[in-house]
Amino acid sequence: MAQRRLTAWLRPALALLGFAGIVLLAGCGGGSGAPNNPYEPPPPIIPPLKLLPGNLSLYPGTPVTLTVYGGVAPYRAFSTDPTILPVAASVSGDTVVLSANNVTATTSVGITVQDAVGTVSLPVPVAVNPAPLLPSNITVTANPNPACASDGNNLCSGSTGTASVKVTGAGGAGIKGRSVKFDVVQGSFSIVSTNPAQPLVSTLTVVTDANGDAVVVLSVPANTPTQTGIVRATDVTSGNQVTGSFNILQMTINGAVLSILPTGNTTITGPDNQTCSSGVSVTNFIFGGTPPYQVGINFPGAATLSGVPVLTNGGAFSTTTNGTCFINLTYVVTDANGLTIPGGSYPTVTNELGENPPAPPPPTAIVVTPGAIARNNCVPSNTFQFIATGGTTPYSAVVAATTSPTSPVLSPQTGLAQGQAVSVSGLTSPSITTINVIDASNPVQSGTVTIDCTGAPTPPPGSALIVSPLNYNYSVNPGSCVNQTANFVVTGGSPPYNVFFASPRPGATIAPTTLATSGLGFAVTGLTDGVLTTNITVVDASSPQLQQVATITCPTVPNPPQALAVSPATYTYVGGPTCSAATSNFVVTGGTPPYTAVFSVPSTAGAITPTTITASGQGFAVTGLAATPLPRTTQVTVTDSSVTPLLQVVSILCNPAAGP
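Structural notes on the overall build of the chain
When helices and strands are tallied, the chain shows two helices and 51 strands. In the chain, which comprises 660 residues, the share counted as buried stands at 37%. Partitioning the intrachain contacts of the chain with sequence separation of at least 6 by distance along the chain shows that 63% fall at a separation of at least 24. Counting every atom, the chain has about 33600 Å² of accessible surface; 58% of that belongs to carbon and sulfur.

Have a look at this one:
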């Protein structure tokens, strides 16, 4: 009885347990073909491995960086010439730091990286240039100072010294006129400028002398504690930088060193070779010692001192010229304890004559009297007179324009004195004559007189409009429109006339664009080669309007030379045996044949056939490359025969086979 009750109780419990097991299997993904997780995202796409930027130019002593992009970290870096541009084999993060060794000529080196799965990037060409500034060339030297025993690479507080570098070119020769910027990097010191209003600066750019040397003066304030100073020099043209360090030694004499800045000689020149300057000020600053400071000069009547006595350490006083000439004006600076600046350590000022003769007074404006003369029915025997005043004599008189059918006669025409009358005859009505009077000023001044003889009836309207000549052809002789002036004369029709380009011509001008009377002309200037024909339209004032078109023919500009191209730009091989057995064929086009093909950096085993390519569209082959080392980039430089040779560089990449 008890047994039956137990069996009856277990039967539903076991059924429930079995159902729970089925549910559990379904939740665990049981059964063939069930997905593990349909919502799991796909694996990320790995970008191609590359180095950025795609090319670099650097100088020894100036590190630069390349950034690794894509691939699978960690990375390894390789240089095609580790003796010139070594790199760390293991890349830290995604940055490759490049620091080149010194070279005597610009050298190209390739940098590649390999990622964790064996992919090798394309090489980045790096141009290693000879450093115009070498680290060993920066020199800091103390200026002589009896109160400071420093020498070599030491400067005393309250004293001055110099920092110098040499900018060198090919063969180590100094480069003249190169800008070098000096900066205070560390330490309590300043650079002395030549600006009296700001004598102490933290940055100063100077120009190298004939030997390629750039020099600045360093100044250390009085009572500066002992420390290390660092100064940096940068070649502005290349960006090459070097730094130099020196010791600052605290030095005192009865409390402090007395000094004055700026040092050296200041030379002031007058406006001309008969006058010394007046009103020019030079400002100096006193440091150290015990203020207040008294200042005296050895030419007390030649200049004016202001700001004295100087009441504070670092205070300024000024010396102002008054027109008196002097050489080597010197100062006597004494502090409150009687301490003076040692002889030879004070600045000097010179006020001397200028180099150029005095400028002549500006000429007055030239005036022609009368400026306009009018008469009806002029005949050649009529005489007209005018005079010129002002400007610079002698004057010359010329006929600028006339519509008279008879030729004007001027008497006299050259060597005219101020107020001298000029007679004009030979005019016939109807006409307008313009006469220019030119003086001897520089720049030239001119005045104008107009003689109006239009009293006779004007030509009847409707006469033909004539532009003469109708064409200038510069394509044959002299063979260019550049710097040419095309002059045209307009007659007939009904004046006034308007002149304009039929289509715009950049740079070209017409002057004048309005002609008041028949017989006047216009000029076209500023033409360039390249547009075959330029059309100039002339219209008169009649109704209906008359029109005439004049032309200027210019030669065409030859097509520029085609760019040099070598195809393909790159061959890539995997495995040393494959690379050594390959034949890499290239085709050269453009530029100016013949072409020359040579191995560039790095030089390697192999042959180029042929090395001289005689015509565009022909090619060369590279064979016999070495099997090791890998990876390796072989470069071939192709140069054409232009006056300024064009060149293209192609590459053959030999990469190691991917690992297992």
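Moving on from the model shown.
Here's the deal with the sheet that holds strand β21 (residues 294-297)
Read across the open sheet, the four strands follow the order β19-β25-β24-β21; overall the sheet is mixed. Lying at the two open borders of the sheet, with one neighbouring strand each, are β19 (265-269) and β21. Averaged over all neighbouring strand pairs, the angle between strand axes comes to 20 degrees, with direction disregarded. Here β21 runs beside strand β24 (residues 326-334); their pairing, made up of four bridges, is antiparallel. By the bridge assignment, I297 is partnered in β24 with Y331.

Details of the confidence of the model for the chain
Here the chain shows a mean pLDDT of 82. Residues at 70 or above account for 87%. Counted against residues more than four places away or in other chains, residues 1-10, with its pLDDT under 50, gives zero contacts. Here residues 12-34 scores under 50 on pLDDT; set against residues more than four positions off or in separate chains, the count is two contacts.

Section: the pattern of salt bridges
Within the structure shown, the criterion is met by four salt bridges. For the salt bridge of D235 with R178, the shortest nitrogen-to-oxygen distance reads 3.0 Å. With D235 in strand β16 (residues 227-235) and R178 in the loop between β10 (160-166) and β11 (179-186), this pair connects stretches of sequence that are 57 residues apart. Salt-bridge contacts for D183 lead to R232; the nearest nitrogen and oxygen are separated by 3.9 Å. You can see D183 sitting in strand β11 and its partner R232 sitting in strand β16, a full 49 residues away along the chain. Because the salt bridges share partners, they merge into one network encompassing K181, D183 and R232.

Some points on the side chain of T350
Examined against the element boundaries, T350 turns out to sit in strand β25 (residues 348-352). Those residues in contact with T350, other than ones at most four positions away along the chain, are N265, T266, T267, I268, F326, I327 and N328.

Overview of the environment of S431
Here S431 shows up in strand β32 (residues 431-438). Given a relative accessible area of 1%, S431 falls into the buried group. In contact with S431, not counting residues within four places along its chain, are T403, S404, I451, D452, C453 and T454.

Brief notes about the sheet that holds strand β40 (residues 521-525)
In space, the four strands of this open sheet follow the order β34-β36-β40-β38, with antiparallel pairing throughout. Each edge of the open sheet is held by one strand with a lone partner, namely β34 (466-468) and β38 (509-511). For this sheet the average axis-to-axis angle between neighbouring strands, irrespective of direction, equals 25 degrees. Sheet topology places β34 next to strand β36 (residues 486-491); three bridges connect them, and they run antiparallel. Paired with I466 across the two strands is T491, which belongs to β36.

Comments concerning a nonpolar patch on the surface
Judged by side-chain polarity, V398, I438 and V444 come together as a nonpolar surface patch covering roughly 210 Å² of accessible area. Taking the relative accessible area as the measure of exposure, V444 reaches 53% and is therefore exposed.

Brief notes about the packing of aromatic side chains
To describe a pair of aromatic rings, you give the distance between the ring centres and the angle between the ring planes. In total, this model carries nine aromatic pairs according to the counting rule given. Aromatic pair F317 and Y331: ring centres 5.3 Å apart, planes at 75 degrees, arrangement edge-to-face. Note that F317 is positioned in strand β23 (residues 316-322) and Y331 in strand β24, a separation of 14 residues in sequence. Exposure class is identical for F317 and Y331. Each is buried. For the pair Y571 and F586, a centre-to-centre distance of 5.1 Å together with 85 degrees between the ring planes defines the contact as edge-to-face. Of this pair, Y571 sits in strand β44 (residues 570-574) while F586 is found in strand β45 (residues 584-589), placing the two residues 15 residues apart along the sequence. Grouped by ring-pair contacts, the aromatic residues Y472, Y474, F488 and F522 constitute a single cluster.

Some details on the side chain of D540
Its location among the elements puts D540 in the loop between β41 (533-539) and β42 (547-553). At 2.9 Å, the side chain of D540 forms a polar contact with the side chain of S542. Of the polar contacts made by the side chain of D540, one reaches the backbone nitrogen of L546; its length is 2.7 Å. Setting aside residues no more than four positions away along its own chain, D540 makes contact with L465, G493, S494, P496, Y497, Q545 and L546.

Observations concerning the state of the cysteines
Under the criterion given, the structure shown has four disulfides. Shown here is the disulfide that connects C378 with C453, its sulfur atoms set 2.0 Å apart. Looking along the S-S bond of the C378-C453 disulfide, the torsion reads about -80 degrees, which is the left-handed sense. Remark: C453 occurs in strand β33 (residues 446-453) and C378 occurs in the loop between β27 (372-374) and β28 (384-389); sequence separation between them is 75 residues. The pair formed by C378 and C453 is uniform in burial state, with each residue classed as buried.

Focus on the nonpolar core
Counting 24 residues, the largest nonpolar core has V165, F182, V216, L218 and A233 as the members making the most contacts within it. If you list the elements that add at least two residues to this core, you get β8 (139-142), β10, β11, β14 (203-207), β15 (213-219), β16 and β17 (241-249). Ignoring anything within four residues of it in the chain, the contact list for V165 reads L133, N137, I138, V180, F182, G212, D213, A214, A233 and V242. If you look at the next biggest cluster of nonpolar residues, it comprises 22 residues, including C481, Y497, V499 and I552.

Focus on unusual backbone geometry
Of the consecutive residues S567 and P568, the connecting peptide bond is found in the cis state with omega at -10 degrees. For P568, the location among the structural elements is in the loop between β43 (565-567) and β44. The amide bond that connects T628 to the next residue, P629, takes the cis arrangement and shows omega of -5 degrees. Along the polypeptide, P629 turns up in the loop between β49 (619-623) and β50 (632-639). In the Ramachandran plot, N328 falls in the positive-phi region, its phi being about 55 degrees despite a non-glycine side chain. Turning to its location among the elements, N328 is positioned in strand β24. Unusually for a residue other than glycine, N483 sits at a positive phi of about 65 degrees. Mapped onto the fold, N483 is located in the loop between β35 (471-473) and β36. N483 gets classed as exposed once you look at its relative accessible area, which sits at 74%.

Rules used throughout
- Residues numbered from 1 in each chain as written.
- Predicted model: local features only at pLDDT ≥ 70, side-chain atom pairs only at ≥ 80, totals over all residues.
- Heavy atoms only, no water.
- Helix = DSSP H or I, 4+ residues; strand = E, 2+ residues; numbered from the N terminus.
- Buried < 20%, exposed > 50% of the residue type's maximum accessible area, 1.4 Å probe, protein only.
- Contact = heavy atoms within 4.5 Å.
- Areas by Shrake-Rupley, 256 points an atom, 1.4 Å probe, with all protein chains shown as cover.
- Pairing = 2+ DSSP bridges.
- Axes fitted to C-alpha atoms, helices over the stretch in contact; angles between N-to-C directions.
- pLDDT = per-residue confidence, 0-100.
- Salt bridge = Lys/Arg side-chain N within 4 Å of Asp/Glu carboxyl O.
- Patch = residues over 30% accessible without salt bridge, like charges linked within 9 Å, V, L, I, M, F, W, Y side chains within 5 Å.
- Phe/Tyr/Trp six-rings, centres within 6.5 Å; stacked < 30°, edge-to-face > 60°.
- Polar contact = N/O pair within 3.5 Å; in protein donor to acceptor, adjacent residues only side chain to side chain.
- Disulfide = S-S within 2.5 Å.
- Core = buried A, V, L, I, M, F, W, Y, C linked by side-chain atoms within 4.5 Å.

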